[in-house]
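# Structural overview for review
Next come the chains, spelled out residue by residue.
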Amino acid sequence: MTERKFWLALAAVFVVGGVIQLPWAPSRFGAAFFLALAVGCAGMWLMLHGREKYRACRVLAVVGRVLFALFVVSFVAIQVFVIQSGMRAEQADTQADYYIVLGALVNPDGQPSAALAARCDTAADLLAANPDSKAVLCGGQGGNEPCTEADSMFAYLTEQKGVDPARLLREDASTNTIENLANARALIENAEKRDHESYTAAVVTSDYHLARAKMLMRRAGYEEGLGVPAPTPYPGQWVAVRCREYCSILGLMLTGRWTA
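Summarised in this report is the structure supplied together with it. Worth saying up front: this structure is predicted, and the values here are computed from it rather than measured.

## What to know about the packing of aromatic side chains
In the structure shown here, the tally under the stated rule is eleven aromatic pairs. Between Phe68 and Phe71, the ring centres sit 5.9 Å apart and the planes meet at 50°, which makes this aromatic pair tilted. With a gap of three residues between them, Phe68 and Phe71 both fall in helix H3 (residues 55-89), about one helical turn apart. An aromatic cluster is defined as three or more aromatic residues linked by ring pairs; in this entry it consists of Phe6, Trp7, Phe33, Phe68, Phe71, Phe75 and Tyr246. Taking the ring centre of Phe154 as reference, the NZ or CZ of Arg170 above it sits at 3.7 Å.

Next comes the structure, spelled out in structure tokens:
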């Protein structure tokens, strides 16, 4: 009885956490993540309820416990890795010839979303501190965006931050982080007409995304996985973005694309 109550209570907690996040679009991934966990916990409650009558329920209850334990361990391990990566980068990896600024959502009016603006602000500070450096603005146009992410960043940096347009390269064909980094590398090498060993590059992205981006940089052929974190703009996004990052990193691991 006690264990059944535990799973039912856990399901209720996840339902509340999911419902709270539903109204705000940037947090809806977190809502779906929590509601999926709620369904799993409710399923465990059902299996425990029927285990005295049905052998299949007893077997599925054992499987459920193992899967949930693996989820908890993997989630904690990945979050520790993500947080440590961001903390280490806060005091290092800030000097580079090129800063690869990864895209994020563009608002309907063409302005960068809060997450994208935070990345641009970080890039602007880096360019101000390193006058010989350039930035590569990455991101194509999503179905719900009025322009490419690269164009939105270019306008923001030149018009609102006063960055010299000559210091900005636009990569506007990519749709994900892997394409961002591969296309940026090709663009840099084509523009500079030199070998990839003769320059340094650092990725600029949100703090929660930095660990994955740095790993994918090494996989894309950059000499080092350098990175600079931009802050997550809203505290309310903290849970949602880390749930999404957990799924993304786990997906790369399971498909064999995590290691270089």
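## Quick word on helix H2 (residues 28-50)
Its 23 residues give H2 an end-to-end C-alpha distance of 33 Å, which sits within 8% of 33 Å, the value for a rise of 1.5 Å per residue. Among the residues making up H2, those that are buried are Gly30, Ala31, Phe33, Phe34, Leu37, Ala38, Cys41, Met44, Leu48 and Gly50.

## Considering the pattern of salt bridges
This structure, assessed with the given rule, holds six salt bridges. Glu3 is the partner of Arg65 in a salt bridge, and the nearest nitrogen-oxygen pair spans 2.8 Å. Linking Arg65 in helix H3 with Glu3 in helix H1 (residues 2-21), this pair joins segments that are 62 residues apart in sequence. The exposure class of Arg65 is partly exposed, given its relative accessible area of 31%. The partner of Glu189 in a salt bridge is Arg185, with the nearest N and O atoms 3.2 Å apart. Of this pair, Glu189 and Arg185 both sit in helix H6 (residues 177-192), four residues apart, roughly one helical turn. Through salt bridges with shared partners, a single network forms among Glu3, Arg51 and Arg65.

## Focus: helix H7 (residues 210-219)
For H7, a buried count of eight out of ten residues is recorded, marking the element as mostly surrounded by other parts of the structure. Immediately beyond the C-terminal end of H7, within one or two residues, lies Gly221, with a positive phi of roughly 105°.

## Side note on the sheet that holds strand S4 (residues 201-206)
Strand order in the open sheet formed by five strands is S3-S2-S1-S4-S5, and the pairing between neighbours is parallel. Every other strand in the sheet has two partners, leaving strand S3 (168-171) and strand S5 (226-230) as the edge strands with one partner each. Within this sheet the neighbouring strands show an average axis-to-axis angle of 25°, counted without direction. Relative to strand S2 (residues 134-138), strand S1 (residues 98-101) runs parallel, the two sharing four bridges.

## Describing the side chain of Ser174
Among the secondary structure elements, Ser174 is positioned in the loop between S3 and H6. Sequence-distant contacts of Ser174, defined by excluding residues within four places in its chain, comprise Cys138, Gly139, Gly140, Glu179, Asn180 and Asn183.

## Re the packing of helix H4 (residues 114-129) against helix H5 (residues 149-160)
The angle between the axes and the distance between the axes are what describe a pair of packed helices. Across the interface, H4 lies against H5 with an axial gap of 10 Å and an inter-helix angle of 50°. As judged from the angle between their axes, H4 and H5 are oblique. Judged by the sense of rotation from one axis to the other, the crossing of H4 with H5 is right-handed. On the side of H4, the interface is formed by Leu116, Ala117, Cys120, Asp121 and Ala124, while H5 contributes Glu149, Ser152, Met153, Tyr156 and Leu157. In the contact of H4 with H5, the residues fall into seven nonpolar, one polar and two charged.

What counts and what doesn't
- Residues numbered from 1 in each chain as written.
- Predicted model: local features only at pLDDT ≥ 70, side-chain atom pairs only at ≥ 80, totals over all residues.
- Heavy atoms only, no water.
- Phe/Tyr/Trp six-rings, centres within 6.5 Å; stacked < 30°, edge-to-face > 60°.
- Helix = DSSP H or I, 4+ residues; strand = E, 2+ residues; numbered from the N terminus.
- Lys NZ or Arg CZ within 6 Å of the ring centre and 35° of its normal.
- Expected span 1.5 Å × (residues − 1).
- Buried < 20%, exposed > 50% of the residue type's maximum accessible area, 1.4 Å probe, protein only.
- Salt bridge = Lys/Arg side-chain N within 4 Å of Asp/Glu carboxyl O.
- Pairing = 2+ DSSP bridges.
- Axes fitted to C-alpha atoms, helices over the stretch in contact; angles between N-to-C directions.
- Contact = heavy atoms within 4.5 Å.
- Parallel < 35°, antiparallel > 145°, perpendicular 65-115°, else oblique.
- Left-handed = near helix turned anticlockwise from the far one by under 90°.
- Nonpolar A, V, L, I, M, F, W, Y, C, P; charged D, E, K, R; others polar.

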